[in-house]
Amino acid sequence: MEVNTEATINRNIPVLLVSPGCFNPPHLQHLRNLELARDGLRRINYRVVGGIMTPTHDHYKKHKKTLIEYEHRATMVDLTCQSSSWVKGSRWEGGQPTWTRTAKVLDALQSQGRIEYNEPNLITKLVCGADLLESFAKPGLWLDSDIKTIVGEHGIVVIARPGYDPGSFIFNHDVLFKYQDNITLVYNPVNCDLSSTQCRTLVRRDMSVRYLCTDAVCDYIVRNNLYVETESKGE
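Below is a summary of the structure that appears in this document. Going along each chain's sequence as written, the residues are numbered from 1 onward. Local features in a predicted model are, by the rule used here, given only for residues with pLDDT of at least 70; side-chain atom pairs are given and counted only at 80 or more, and totals for whole chains, interfaces and linings are based on all residues. Computation of side-chain values: all heavy atoms of the structure, hydrogens and water removed.

Attention shifts here to the overall build of the protein chain. Helix and strand definitions here come from DSSP, where helices need a minimum of 4 consecutive H or I residues and strands a minimum of 2 consecutive E residues; each element is numbered from the N-terminal end. The helix and strand inventory of the protein chain stands at nine helices and seven strands. With the radius of gyration taken over C-alpha atoms, the globule rule is written as 2.2 Å times the number of residues to the power 0.38. Its C-alpha atoms give the protein chain a radius of gyration of 17 Å, within 12% of the compact-globule value 18 Å for 235 residues. In terms of overall dimensions, the protein chain has a C-alpha envelope of 50 × 40 × 40 Å along the principal axes. Categorising residues by exposure relies on relative accessible area from a 1.4 Å probe, with only protein chains included: less than 20% of the type maximum marks a residue as buried, more than 50% marks it as exposed, and the intermediate range marks it as partly exposed. For the protein chain, buried positions account for 48% of its 235 residues. The contact criterion used is simple: two residues touch if any of their non-hydrogen atoms lie within 4.5 Å. By sequence separation, contacts in the protein chain at least 24 residues apart represent 76% of the contacts at least 6 residues apart. Here, Shrake-Rupley sampling with a 1.4 Å probe gives the accessible areas, and only protein chains in the shown set may cover a residue. Surface exposure of the protein chain reaches about 11900 Å², of which carbon and sulfur atoms provide 49%. Under this rule, positive means Lys or Arg and negative means Asp or Glu; His and the chain ends count for nothing. Charged groups are reduced to one reference atom each: NZ for lysine, CZ for arginine, CG for aspartic acid, CD for glutamic acid. Separation between the mean location of the 27 positive side-chain charges and that of the 27 negative ones in the protein chain comes to 1 Å.

Okay, here's the thing in structure tokens:
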């Protein structure tokens, strides 16, 4: 079951789902959100051709002090995607000279996707949780022009999270309300608040993250001795 703001008509538009993030580390809920997004779009007759997890650039560390090196995160994303037949990692963002805004990432991956999938009308859609959606209202965090590009030219698939009301937030946000037909709200019938922060904490406590992350990622974390150092409070 999903709630969406779009008319249920036969679109048959090819869509490439894009999930950006730190992936520090990537866990199974990241994949699960893409599955939920694909289910939601299929029910309103979009044709999902693929999914991408794109780790943020190392320069984002100025905002996230706990961010480990890009190469580790990108490798763990690749390992995570081994368990999926349709989701893969992208290294375009990490290969740029500096951190790239989400709108430009969507533009670039859309151009690549149209060639790779031989779909000249392909569009990329941002997959995010309701918490990220509400960050659009935080002063100085997002450019208004970027929000218009993301929602107006690409679209968003929002995964419901406990404690958030994305429908009300969209109604009260002028730009989101204007482009509400490009926003799909997807109900998550199995609530899971798993986060990368929780995974890192478990590792620091010498506890297993198996079945929270894929086996390949768990083994990689242990083999490379990741996340064992104490994190400063509030980072």
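Take the state of the cysteines next. Pairs of cysteine sulfur atoms within 2.5 Å are identified as disulfides in what follows. A complete count under the given rule lists zero disulfides for this structure. Of all cysteine sulfurs in the structure, the one in Cys199 sits closest to Cys22, which takes part in no disulfide; the separation is 13 Å. Note on Cys22: relative accessible area 18%, which makes it buried. Not engaged in a disulfide, the cysteine Cys192 finds its nearest cysteine sulfur in Cys199; these two sulfurs lie 9.3 Å apart.

To define a nonpolar core, start from buried Ala, Val, Leu, Ile, Met, Phe, Trp, Tyr and Cys residues and group those joined through side-chain atoms within 4.5 Å. Ranked by internal contacts, the top residues of the largest apolar core, which has 25 residues, are Leu133, Phe136, Ile150, Val151, Ile156, Val158 and Leu176. Here the element with the most residues in this core is helix α3 (residues 102-116); it accounts for four residues. If we skip the residues at most four places from it in the chain, Leu133 touches Cys128, Ile156, Val158, Pro166, Phe169, Ile170 and Leu176. In this structure, Ile44, Tyr46, Val87 and Val157 belong to the second largest nonpolar core, which totals 21 residues.

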